[in-house]
Amino acid sequence: MRTQIAIIGAGPAGMLLAHLLAQAGIDALVLERRDRDYVEGRVRAGVLEQTSVDLLRRLGLSERLDREGLVHGGTNLALDGQIFHIDMAALTDGSTVTVYGQQEVMKDLFDAAPARGVKIVWNAENVALHGLDGSSPSVTWQDAEGKHHLACDYIAGCDGFHGVSRASIPASVLQVFERVYPFGWLGVLADVPPAAHELIYANHERGFALASMRSATRSRYYVQCGLDEKIEDWPDERFWDELCLRLGPETGAKVVRGASFEKSIAPLRSFVAEPMRWGRLFLAGDAAHIVPPTGAKGLNLAASDVIVLAEGLIEFYKSSCITGIDRYSARALSRVWKAERFSWWFTSITHRFPDMDGFSRKLQMAELDYIKGSQAAQRSLAENYVGLPLAAA
Ligand code: FAD
Ligand code: DHB
């Protein structure tokens, strides 16, 4: 078997890249370890930057997004229950974000795949990458039909944080930068109307809380929790009580309680592996970097990585020019690091840290009070939240 680009992983990075390449007439094959139901069923990100929305439009995949996505021109911060609004559209050039769940994005990408010639192998086990530092890379895997071998020009490692791609790069080549946070987010989905029209990122003495949504009838809420806590420790009643407390009396009174149908705990981590290319292998999305979810950058970074990667690959197949490919890692990393900075900063001013003393707490309060009173600070937050531009080609 032969293809031009082998793509490992059918998450947002892999599928967006596959669609971009298909649109440009480049042959690719996506190898995914799980099945479609599993990938589509994972409840993850919820907020799309304009760059991600524009990408889906450019791919002609935005019909449902344009119909069902909730466009937000602002967001809210809260300190011990006192809410203030950040008018992102007014503080930027009119930029907005769109609330549209990762599950919906994946459904749209998978639904459109067959008609656009995007080929996916599901349940590909024991995926292994070969010949990355030579001129004839290949991928092998196993499935119900047996063992397979795929020769290709390049491999896109879009297989997430725990995938095989980054692990295939010699440790001596990769530089890893990491920060693990001493807490996680407990997330809940419930079919109840959201408490507010826009999101609320709340700093409370007892810990962080986030009020988000998926639609006018579906709410997505998070509370900061300890890393040793289990889902069983959080029956719905306890979750709603804690959420309302942290959001404060004004918003708490507007929270509509109901049975949760999804509840999960995610640890928080900042991670970057550099460079994002080794020989014939490119890393994109979570395979190369992780951000804490504060600020909703994870899915959006996966999208911006593959925009840059696709530009380089398309240029290569059109004109044999390798400049774009050679610039990929540096160009992608320049945006990645700014999103890492923003996600780390937003996490650090909104969460309760176990070792936090009175001084650190006062600094957090001062930072939020400063943002509340300063247009300059609000503008900085807004331009990062709606998404920074891609680095120049
Ligand atoms: P992934 O979505 O991880 O996709 C990688 C794909 O590769 C998967 O389908 C996986 O099955 C496949 N794969 C892995 N190993 C192999 C292999 N060996 N062979 C073949 N296939 C393989 N971001 C936000 O912005 N907001 C959030 O609220 C948020 N919540 C999150 C909650 C959790 C639990 C997690 C894990 C992430 C969350 N994120 C969130 C981050 C966001 O979902 C990710 O940044 C985004 O999914 C990255 O897309 P990706 O395609 O790079 O990786
Ligand atoms: C959601 C997740 C985030 O990490 C975030 O910053 C905003 C919203 C969400 O799942 O809705």
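Preceding this paragraph is the structure being described.
Rules behind the numbers
Residues numbered from 1 in each chain as written. Chains lettered and ligands numbered in written order. Predicted model: local features only at pLDDT ≥ 70, side-chain atom pairs only at ≥ 80, totals over all residues. Heavy atoms only, no water. Buried < 20%, exposed > 50% of the residue type's maximum accessible area, 1.4 Å probe, protein only. Helix = DSSP H or I, 4+ residues; strand = E, 2+ residues; numbered from the N terminus. Pairing = 2+ DSSP bridges. Near = heavy atom within 4 Å. Polar contact = N/O pair within 3.5 Å; in protein donor to acceptor, adjacent residues only side chain to side chain. Areas by Shrake-Rupley, 256 points an atom, 1.4 Å probe, with all protein chains shown as cover. Nonpolar A, V, L, I, M, F, W, Y, C, P; charged D, E, K, R; others polar. 1 Å grid on protein atoms, 1.4 Å probe; cavity = no way out; pocket = protein on both sides within 12 Å on 5 of 7 lines; lining within 4 Å. Points joined across faces, edges and corners; volume = space filled by probe spheres on them.

Undergrad: Describe the pairing of strand β14 (residues 200–203), and please don't skip the residues or the numbers.
TA: Side chains of β14 alternate between two faces, with I200 and A202 and Y201 and N203 buried alike. Bridge count between strand β5 (residues 75–79) and β14: 4 bridges; the pairing is parallel. Each residue of the ladder has a partner; that of L77, found in β14, is Y201. Both β14 and strand β15 (residues 209–215) contribute to a ladder of 3 bridges, which runs antiparallel. Looking at the pairing, Y201 lines up with L210 of β15. What sits between β14 and β15 in their antiparallel hairpin is a turn of 5 residues, with G207 showing a positive phi close to 130°.

Undergrad: Explain the site of ligand 2 residue by residue, including any values.
TA: Ligand 2 sits among 14 residues. The nearest are Y201, S212, R214, Y222 and P293. Between an oxygen atom of ligand 2 and a side-chain N or O atom of R214, the distance comes to 2.7 Å. Measuring from an oxygen atom of ligand 2, one finds a backbone N or O atom of G295 at 3.2 Å. About the coverage of ligand 2: the protein hides 97% of its 290 Å² of free accessible area. Elements with a contribution of two residues or more to the shell around ligand 2: β15 and β16 (218–225). Tallying contributions element by element places β15 first for the shell around ligand 2, with 3 residues. Along the lines of polarity and charge, the residues of the shell around ligand 2 split into 8 nonpolar, 3 polar and 3 charged.

Undergrad: I'd like a description of empty space enclosed by the protein, backed by residues and values.
TA: Inspection of every chain in the model, using the stated rule, returns 3 cavities of 30 Å³ or more. When its volume is computed, the largest cavity comes out at roughly 70 Å³. Taken together, E49, K297, L301, R335, K338, A339, F342, N384, G387 and L388 make up the full set of residues lining the largest cavity. Ranked by residue count, the leading element in the lining of the largest cavity is helix α10 (residues 323–350), at 4 residues. Split by residue class, the lining of the largest cavity holds 4 nonpolar, 2 polar and 4 charged. In this structure, the second largest cavity occupies an estimated 50 Å³ of space. Looking at the second largest cavity, the residues that line it are L16, L48, S52, L55, L56, V105, L299 and A303.

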